[in-house]
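# Overview (structure and organization)
Chain by chain, the residues run as shown.
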Amino acid sequence: MSEHDDRGDGAGPMPGAGADDDHALTDEQIAFDINDFPGGARAALEAVLMVVDEPVSEVALASALELPVEDVREHLVALEEEYAAAHRGFTLRDVAGGWRMYSRADYAPVVEKFVLDGQQAKLTQASLETLAVIAYRQPVSRARVSAVRGVNVDGVVRTLMSRGLIEELEDTGESGAVLYRTTPYFLQRLGLSSVDELPPLAPYLPDADVIDELIEEGHA
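Summarised in this report is the structure supplied together with it. (Residues numbered from 1 in each chain as written. Predicted model: local features only at pLDDT ≥ 70, side-chain atom pairs only at ≥ 80, totals over all residues. Heavy atoms only, no water.)

### Side note on the pattern of salt bridges
The line we're drawing: When a carboxyl oxygen of Asp or Glu lies within 4 Å of a side-chain nitrogen of Lys or Arg, that pair is called a salt bridge.
Per the stated rule, a full pass over the model turns up 7 salt bridges. If you follow the salt bridges from partner to partner, you end up with Glu58, Arg73 and Asp94 in one network.

Right under this line is the structure:
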């Protein structure tokens, strides 16, 4: 063995020691006492929520802060009460199975002007109509959506899927048709916890029997 390859002089790490040492170092780096932070658990929650781009579950937050889930929920509710009492421009909301910071609805005009000045990409009228049908009739097949709208919706459905607003169901049902439903991202964008919070629009849509007749007549 050459002099360059010989590591018997102790210059290199012992075999098998590197992984354990790295693991121990990582444990030391992430170990902390939540009470040592200047603002305690609530300030730590704010720090985490400021860097997320989607709702975070209470379980995930509890794991990050090393606190019981019940304590985390109490802190989150208390934080939102503090924000509301202080008339802050943001709010903390429990949406789509997790918590996230949102701008407060009272300041919508200012936020809307800022966003529109940045040329926000909007959904077309056709996309909005198709999304509404899926939201209120889900799970629903593409043929049924076409029957309600009276036009082919293949292209629009692809657009909505690419935006992450709808998804295909794994179980296609007895008919074999692919069914569609809205996603958690859809709820997040609308600020809803579930589709049950959607405004009562379903009564204005055709009944299932009417839709079946339209499909059979070839209007889909």
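### Regarding the sheet that holds strand 5 (residues 179–182)
Condition: When DSSP finds two or more bridges between a pair of strands, those strands are recorded as paired. Helix and strand definitions follow DSSP, with helices as H or I runs of at least four residues and strands as E runs of at least two, each counted in order from the N terminus. What makes two residues a contact is simply this: any of their non-hydrogen atoms within 4.5 Å. Note on geometry: axes are C-alpha line fits, over the in-contact stretch for helices, and angles between N-to-C directions span 0 to 180 degrees.
Pairing within the open sheet is antiparallel, and its 3 strands lie in the order 3-5-4. Edge positions in the sheet fall to strand 3 (140–141) and strand 4 (166–168), since each of these pairs with one other strand and no more. Packing of helix 6 (residues 125–137) onto the sheet brings it into contact with strand 3, strand 4 and strand 5, and relative to strand 5 it is tilted by some 95°.

### A look at the environment of phenylalanine 186
Counting through the fold element by element, phenylalanine 186 comes out in helix 9 (residues 184–190). Placed 21 residues apart in sequence, phenylalanine 186 and leucine 165 show a C-alpha to C-alpha distance of 4.9 Å.

### Notes on the pairing of strand 5
Sheet analysis places strand 3 next to strand 5, joined by 2 bridges and oriented antiparallel. Note that in strand 5 the partner of serine 141 across the bridge is leucine 179. Alignment of strand 4 against strand 5, held across 3 bridges, turns out to be antiparallel. Following the sheet pairing, glutamate 167 is matched in strand 5 by arginine 181.

### What about the side chain of threonine 130?
Looking at the secondary structure, you find threonine 130 in helix 6. Apart from residues lying up to four places away in sequence, threonine 130 is in contact with Val145, Arg149, Val153, Val156, Val157 and Leu160.

### A few points about unusual backbone geometry
To keep it simple, the criterion reads: Each residue is placed in one exposure class: buried if its accessible area under a 1.4 Å probe, protein chains only, is under 20% of its type's maximum, exposed if it is over 50%, and partly exposed if it falls in between.
Cis rather than trans, the peptide bond between glutamine 138 and proline 139 has omega equal to -10°. Summarising the element assignment, proline 139 is placed in the loop between helix 6 and strand 3. The residue glutamate 66 is not glycine, and still its phi comes out positive at about 60°. In this fold, glutamate 66 is placed in the loop between helix 3 (58–65) and helix 4 (69–85). Judged by its relative accessible area of 52%, glutamate 66 falls in the exposed class. With a phi angle near 55°, histidine 87 is a residue other than glycine that sits in the positive phi range. If you trace the backbone, histidine 87 turns up in the loop between helix 4 and strand 1 (90–95).

### Details of the packing of helix 2 (residues 40–49) against helix 4
Heads up, the rule is: In these notes the angle categories are as follows: under 35 degrees is roughly parallel, over 145 is roughly antiparallel, 65 to 115 is roughly perpendicular, and the rest is oblique.
In the contact formed by helix 2 and helix 4, the axes pass within 10 Å of each other and the chain directions differ by 80°. The angle between helix 2 and helix 4 places the two elements in the roughly perpendicular class. Of the residues in helix 4, those touching helix 2 at Ala41, Arg42, Leu45, Glu46 and Leu49 are Val72, His75, Leu76, Ala78, Leu79, Glu82 and Tyr83.

### Observations regarding helix 4
Going by this rule: One less than the number of residues in a helix, times 1.5 Å, gives the span that helix is expected to have.
Between its terminal C-alpha atoms helix 4 stretches 25 Å, which fits the 24 Å expected from 17 residues at 1.5 Å a residue. In the core, the buried residues of helix 4 are packed alongside helix 2, helix 3, strand 1 and strand 2 (98–103). Phi turns positive, to about 55°, at histidine 87, one or two residues after helix 4.

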